[in-house]
Structures are given as structure tokens and as C-alpha cells.
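# Structural description and commentary
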Amino acid sequence: MTKWTALPSLVLIAACLCPLPAAAQDSAELLARMKAMEDKIKSLEAEVQTLKSQQATALVAPVAAPAPAAAQAAPETAAP
């Protein structure tokens, strides 16, 4: 029974001796990391917009191409 009563005090001592990693960072380092993340997010958003526009262009182009092919195929089948 004495083992379990010492456990909370050991946990408390360990918590006091082990500093949190976030507390060790200074604000300048944190701001620099946040700025880098914001820049990365902006570049990824731009890339997504580029890919969306390319995808929209790729979907429009094949739809326009088969129409002339179908018009050319119709007179050939009607001639024989």
C-alpha cells in the first residue's frame, strides 16, 4: 500500500524537473515559425488554384474536340 501513496509525489517531482519544450521557445523563434507556415500555406493555396484551373481546362478541351469528329463521321456514313 505504501508503493501507491508514493506514486503521486514521484509524478509531481518528475513534472517539476522536466521543463515543457514550449516554454523553452522564445517569442521570436515562434513568430518566425508561424511566418514560415503562413508562407507555406499561401504557396499551397496558389498551387491548388493552379491545379483547379488546369483541371477545368482539361475538362473543357476534350468536350470541344469530339464535336467536329462526330460531324465529320456523319457524312461518311451517309455517303455509302
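Structure shown above.
About the criteria used
- Residues numbered from 1 in each chain as written.
- Predicted model: local features only at pLDDT ≥ 70, side-chain atom pairs only at ≥ 80, totals over all residues.
- Heavy atoms only, no water.
- Helix = DSSP H or I, 4+ residues; strand = E, 2+ residues; numbered from the N terminus.
- Buried < 20%, exposed > 50% of the residue type's maximum accessible area, 1.4 Å probe, protein only.
- Areas by Shrake-Rupley, 256 points an atom, 1.4 Å probe, with all protein chains shown as cover.
- Salt bridge = Lys/Arg side-chain N within 4 Å of Asp/Glu carboxyl O.
- Patch = residues over 30% accessible without salt bridge, like charges linked within 9 Å, V, L, I, M, F, W, Y side chains within 5 Å.
- Polar contact = N/O pair within 3.5 Å; in protein donor to acceptor, adjacent residues only side chain to side chain.

## Overview of the overall build of the protein chain
Each helix and strand in the protein chain was counted, giving 4 helices and 0 strands. In the protein chain, the succession of α and β elements from N to C terminus is α-α-α-α. Buried positions account for 0% of the 80 residues belonging to the protein chain. Of the accessible surface of the protein chain, which amounts to about 7300 Å², a share of 72% is contributed by carbon and sulfur atoms.

## Looking at the pattern of salt bridges
When charged atoms on two side chains of opposite charge get close, those side chains can pair. In total, this model carries 1 salt bridge according to the counting rule given. Lys35 is the salt-bridge partner of Asp39, the closest N and O atoms lying 3.5 Å from each other. One end of the pair, Asp39, and the other, Lys35, are both in helix α3 (residues 27-64), 4 residues apart, so they sit about a helical turn from each other.

## Things to note about a nonpolar patch on the surface
Taken together, the side chains of Leu30, Leu31, Met34 and Met37 present a nonpolar region at the surface, about 390 Å² in accessible area. Along the chain, Met34 falls in helix α3.

## Describing the environment of Ser53
If you trace the backbone, Ser53 turns up in helix α3. Looking at Ser53, the relative accessible area reads 39%, which means it is partly exposed. Among the polar contacts made by the side chain of Ser53, one reaches the main-chain carbonyl oxygen of Thr50 at a distance of 2.8 Å.

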